[in-house]
Amino acid sequence: MSSLRTHDTQALDALTGGAFSAPTSGERAARVREWLAREPSAEQMQEVFRELSARDKGAARLLREKLDELRRAKGQEAIAAEWAEKGRGLLSQPRLNIADAMAWQRDAAKAGAPLSREPLATVKSELAERVRGIEDLQNRVQVQREAAVLLAQRIEVLSTKSWEDAQAAVDALRVDVPQWHSQAQELLDDPNWASVDTKFPPLLEASRGQLQVVWDAFQNALTQAIAAADDASAPLPPVPVWADELRQARGLPAEAAPPKPAKPKVDPELRAQANKAVGDALARLEQEVGQGHGKASAGAANALRNALKEHGKLVDDKLEAQAHAALGAATELEGWQRWRADQLRQELVAKAEALFETVPARPARAAAAKPAASDAAAPEVEASAEAASPAEGVTAQEAAPVQESGPAQEAAPAPDTAAAPAAAPVPAPAPVRKPRYGGRKMQETLRSLRDQWKQVDQGGPPNHALWKRFDEACNEAYKVVQEWLDKVKSEAAEHRAARIALIEEVKAWAAANAGPQNGDWKAFNRAIHQFSDRWREAGHLSEKAFAELQPQWKEAIGQAAAPLDQAQKQSIERRQALIEEAKQLGEAPSLRIDAVKALQQRWQGEAQAVPLDRKQEQKLWDAFRKPIDEAFNRKTAEREKAASAMSARDRAVLEASKAVEEATASGDAQKIRAAMAALEHALRARDDAAASVGAAPAPAAAASTEGAGDAPAEPAGAEGEGEAPAPAPAKAPPKPVVAMRGDDRPGARRPEVAAPARGGRFDSRRPGPGGRDARDDRRGFGRDRDDREERGPRLSDAAFRAQRDAVEHAQATLRKLAAQAHGEALTQLMAAWEQRSAEQVPSHQELGRGVSPQVRQGWTQALDRPAGGDASEALLRLEIAADVPTPAEQIQARRALQLQLLTRRNDPSPQETWGADVAKVLATGYEAGAARRVQNALKALLRK
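Residues numbered from 1 in each chain as written. Predicted model: local features only at pLDDT ≥ 70, side-chain atom pairs only at ≥ 80, totals over all residues. Heavy atoms only, no water.

Participant: Summarise the overall build of the chain; cite the residues concerned and give the values.
Facilitator: Within the chain, the regular secondary structure consists of 34 helices and 2 strands. Within the chain, the proportion of its 944 residues that are buried is 31%. Contacts spanning at least 24 positions in sequence make up 70% of the contacts within the chain whose residues lie at least 6 apart. Counting every atom, the chain has about 60700 Å² of accessible surface; 53% of that belongs to carbon and sulfur. (Helix = DSSP H or I, 4+ residues; strand = E, 2+ residues; numbered from the N terminus. Buried < 20%, exposed > 50% of the residue type's maximum accessible area, 1.4 Å probe, protein only. Contact = heavy atoms within 4.5 Å. Areas by Shrake-Rupley, 256 points an atom, 1.4 Å probe, with all protein chains shown as cover.)

Structure below.
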């Protein structure tokens, strides 16, 4: 299995271009990116991800993101196909509703469909073009209506002028009126005419009929006027202006207008009553129409009609005209409300019927007919039973017809039939209707649909046919709600019984456990919490049942937790006493560390014995540690205050550290080294004040150490003779303090311990292991107080931290610059190998101290010669010397070479001959894979 897995890994490594054999995570990620750029298949990416995720999760993340992107794209393709099919369905309808087209785009965007990509982009543009065409068609209908009104007004204006003027303008009208009819016919012939709003076709037809009537009457009157002008015996036209003009032309007097019949006199009191009744009904109708109430406006209109029937002969003409205008507006509003209400009802019916989705059942497998009737019936009955299995959601009633009409009921073929009969057809199972939502979601949806239906009924007259369909669909969906409610009731009964049993269990446990048996209050508290968790996880209850059981639970759990509450109260009192002791310790002039430790141990023992609430325990702990922390802070502040005085040496170290940081930020290696040297000099320099103090006892110390044979000191008067004192002899630089240890090698001589003096009393500080004298001897071993004084006083904390951080940053920057320099040198070396140019080989300084001049000369000589030879063994020796990974296909060769090297004991190791091995590789022809292996090996070798 391991060899097979290795073979698979090698194949995947070759497939991905070395993603598995790359030495670093960055290179593996780069090779995975290069492989993904070649667009491999999803199966290959899945296999590579499965193997690579166990090795390098960073590189495998690229594959996971690519696979997730493909998965999302596939999901978006399915969504796009679904919504494209819906959009084409809308486009294929002869009558397109604008609201449906806009809802398609909105719902597709909510579902996450990519509307900006094909095929949805085309469907979206087609729907937008179709909607734009419908809206343009509706606007043109309104324009045509206004044009018909203007043409009718032109004709009516001509009837008020001379017939001769009308005769002069009739030619233009004979062009405009047919043109208007042709434009109206174009609207009717438009493919989108069936999709316009239902109120526009009646408007266009009314305008068309009205214009035609006016035009026909005008033409007939003008023809009659022309005939009357030619023939005096011809009848006059029905237009009063033209008739008067022709009568005057004939010399006849003008005909007086017939008097308007006067209304009969009515009692003013009755007229006032009639005007008041009609006015009240009119005001109510105008108010309802203004607010847009369909039902209320219909009732107000009927009341106004009844008032006009009763008082129509008694009201004023102006009030009667206002009443008729209001009735016309109410009629128009009622028609629009009825149409809109029916449209909303149809949408609600569609939503109610869509609460169940039809799922096609899986077709039954057709069984081949057997020669025997009994053998033929068995697979057919099995197929019908499979078609009606409960797993597919088919009920028993739906499965019954399939079983009755199955091929098992047909007659068996005759025994003497030569050929085997064909398989009997199995009828397709009936589709299955499944609810789209669960119980709660279905209940909320039904409630929302019924509320919407009630609102629609308030705005328009009822529609009993649509209500019947809506009610049947809702009743069918409520069966799912009823099943869910029954299930919820049964679960609620079980939860209630479980909670009552839990309360009884807690009461029994409280009676049996008045306190912990062995003083383990933590176990007691854990048991209480377990009961509380079981109560929280006992299931859902109604608000009424929960309000009934909650007081019982609180009483039972309170009785059970009463011993723990008492113990916690006592523990809090003890902790308060410990807090007072801590305050006294903190206020003491000298802080006793042993007393603080003992007090903390007592607190820990109390905290481990009796558990408290986390917040309360944290609050008490903060109060306990506050006085002790304040005491330690005072002690620290005093210590820092004493050490806050910064010496000249500290300032010099800080300035030198700042200079090192600036040089590090510049990235110049020479500046960094110079700044580090200055910092080292500042660290070794002494403070001026310390030097003056330390230089005074130097002569006395020197005199005391020289001995009795030295010359005596000169008198003080000698100083006035102008002679310069003799320079003090230069002392050797102090040796660095080195931590030493005893010689623990086998057979080594151990240091002898001085025997204690006789006659003395017992002293804990006697020489020997564990004694203070021995400890003092160890402390003074290898140290020299004079050397410590020569090194200068101790640095302050700020100066020490500043110089330490500056040195660390500088060293890290130098290492980074060295690594960059090595990388550039290696790149230049590989370019020289590729171009066979010895002049491009980096210099000795660029390659570093790991490469000697002789080794570099060997490399240049190898590049001067023509390419030839085999570099396989040299590459393996380089990788062994650098201890870097070998490509998967060369692992066996590396192992064989390592075994051969073990047998060559007197031969130099690859770590000693890697320079010559590089020269062997450079002597061969350039190859990208070999260059990469050489570069990886040299990266490690040049750092050593």
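Participant: Explain the pattern of salt bridges residue by residue, including any values.
Facilitator: Under the defined criterion, the tally for this structure stands at 25 salt bridges. Between arginine 575 and glutamate 617 there is a salt bridge, with the nearest N and O atoms lying 3.7 Å from each other. Of this pair, arginine 575 sits in helix H19 (residues 562-587) while glutamate 617 sits in helix H21 (residues 614-642), placing them 42 residues apart in sequence. Here aspartate 594 makes a salt bridge to arginine 592, at a shortest N to O gap of 3.8 Å. According to the relative accessible area criterion, arginine 592 is partly exposed, its value standing at 48%. Through salt bridges with shared partners, one network takes in Asp342, Arg345 and Asp457. (Salt bridge = Lys/Arg side-chain N within 4 Å of Asp/Glu carboxyl O.)

Participant: Got a sec to walk through the packing of aromatic side chains? Specific residues and values, please.
Facilitator: Given two aromatic rings, their pairing is described by the distance between the two centres and the angle made by the two planes. Counting across every chain of the model gives 13 aromatic pairs. Through a chain of ring-to-ring contacts, three or more aromatic side chains come together here, namely Trp509, Trp521, Phe524 and Phe531. In this arrangement the basic side chain of arginine 345 is found over the ring face of tryptophan 453, its NZ or CZ atom lying 5.8 Å from the centre. If you follow arginine 499 out to its NZ or CZ, it ends over the ring of tryptophan 535, 4.5 Å from the centre. (Phe/Tyr/Trp six-rings, centres within 6.5 Å; stacked < 30°, edge-to-face > 60°. Lys NZ or Arg CZ within 6 Å of the ring centre and 35° of its normal.)

Participant: So what about the packing of helix H16 (residues 464-512) against helix H17 (residues 521-536)? Which residues, and what values?
Facilitator: Helix packing for two helices is described by the angle between their axes and how far apart those axes are. Where H16 contacts H17, the axes come no closer than 10 Å and their chain directions differ by 165°. In terms of axis orientation, H16 runs roughly antiparallel to H17. In this structure, the crossing between H16 and H17 has a hand that is left-handed. Residues Arg499, Leu502, Ile503, Glu505, Val506 and Trp509 of H16 lie in contact with H17, whose contacting residues are Phe524, Ala527, Ile528, Phe531, Arg534 and Trp535. Taken together, the residues of the contact of H16 with H17 sort by class into 9 nonpolar, no polar and 3 charged. (Axes fitted to C-alpha atoms, helices over the stretch in contact; angles between N-to-C directions. Parallel < 35°, antiparallel > 145°, perpendicular 65-115°, else oblique. Left-handed = near helix turned anticlockwise from the far one by under 90°. Nonpolar A, V, L, I, M, F, W, Y, C, P; charged D, E, K, R; others polar.)

Participant: Give me a positive patch on the surface: which residues, what numbers.
Facilitator: Side chains of Arg33, Lys57, Arg61 and Arg64 sit close together on the surface and give a patch of like positive charge. Examining the composition of the positive patch, we find that 3 residues originate from one element, helix H4 (residues 57-92), more than from any other. In this structure, lysine 57 sits in helix H4. Residue lysine 57 is classed as exposed on the basis of its relative accessible area, which comes to 64%. (Patch = residues over 30% accessible without salt bridge, like charges linked within 9 Å, V, L, I, M, F, W, Y side chains within 5 Å. Lys, Arg positive; Asp, Glu negative; His and termini not counted. Charge placed at Lys NZ, Arg CZ, Asp CG, Glu CD.)

Participant: So what's going on with the confidence of the model for the chain? Residues and values would help.
Facilitator: Low pLDDT marks regions whose predicted coordinates should not be analysed in detail. Confidence along the chain averages 74 in pLDDT terms, with 76% of residues attaining 70 or more. Ignoring residues within four places in sequence, the model shows residues 687-731, a span with pLDDT below 50, making 6 contacts including any to other chains. (pLDDT = per-residue confidence, 0-100.)

Participant: Pulling in residues and values, what's your account of unusual backbone geometry?
Facilitator: Backbone geometry places arginine 836, a non-glycine residue, at a positive phi of 55°. A relative accessible area of 25% means that arginine 836 is categorised as partly exposed.

Participant: Quick rundown of the nonpolar core? Include the residues and the values.
Facilitator: Membership of the largest hydrophobic core comes to 34 residues, with the highest contact counts inside it found for Trp833, Trp859, Leu878, Trp914, Val921, Leu922 and Leu938. Among the elements of the structure, helix H28 (797-835), helix H30 (853-864), helix H31 (872-882), helix H33 (914-923) and helix H34 (928-941) are those that each provide at least two residues to this core. Here the element with the most residues in this core is H34; it accounts for 7 residues. Excluding anything up to four places from it in sequence, leucine 938 contacts Leu826, Leu829, Trp914 and Val918. One finds Leu90, Trp104, Leu127 and Leu204 within the second-largest nonpolar core, a separate group that totals 28 residues. (Core = buried A, V, L, I, M, F, W, Y, C linked by side-chain atoms within 4.5 Å.)

Participant: Tell me about the side chain of threonine 16, and please be specific about residues and values.
Facilitator: By secondary structure assignment, the location of threonine 16 is in the loop between helix H1 (2-15) and helix H2 (25-37). Under the relative-accessibility criterion, threonine 16 is labelled buried at 2%. Within the structure, the side chain of threonine 16 is placed 2.8 Å from the backbone oxygen of leucine 12, a separation counted as a polar contact. Excluding its chain neighbours within four sequence positions, the residues that come into contact with threonine 16 are Arg31, Trp35, Arg38 and Val48. (Polar contact = N/O pair within 3.5 Å; in protein donor to acceptor, adjacent residues only side chain to side chain.)

Participant: Help me get a handle on helix H20 (residues 593-609), residues and values and all.
Facilitator: In an α-helix, one turn spans 3.6 residues; hence positions three or four apart end up facing the same way. Here H20 is 17 residues long and its end C-alpha atoms lie 24 Å apart, about the 24 Å a rise of 1.5 Å per residue gives. Those residues of H20 lying buried are Ala595, Val596, Leu599, Trp603, Glu606 and Ala607. Across the axial projection of H20, the buried residues extend over an arc of 110°, all falling on one side. The outward face of H20, more than 90 degrees from its buried face, is lined by the exposed residues Asp594, Lys597, Gln601 and Gln608. (Expected span 1.5 Å × (residues − 1). Arc of directions from axis to C-beta.)

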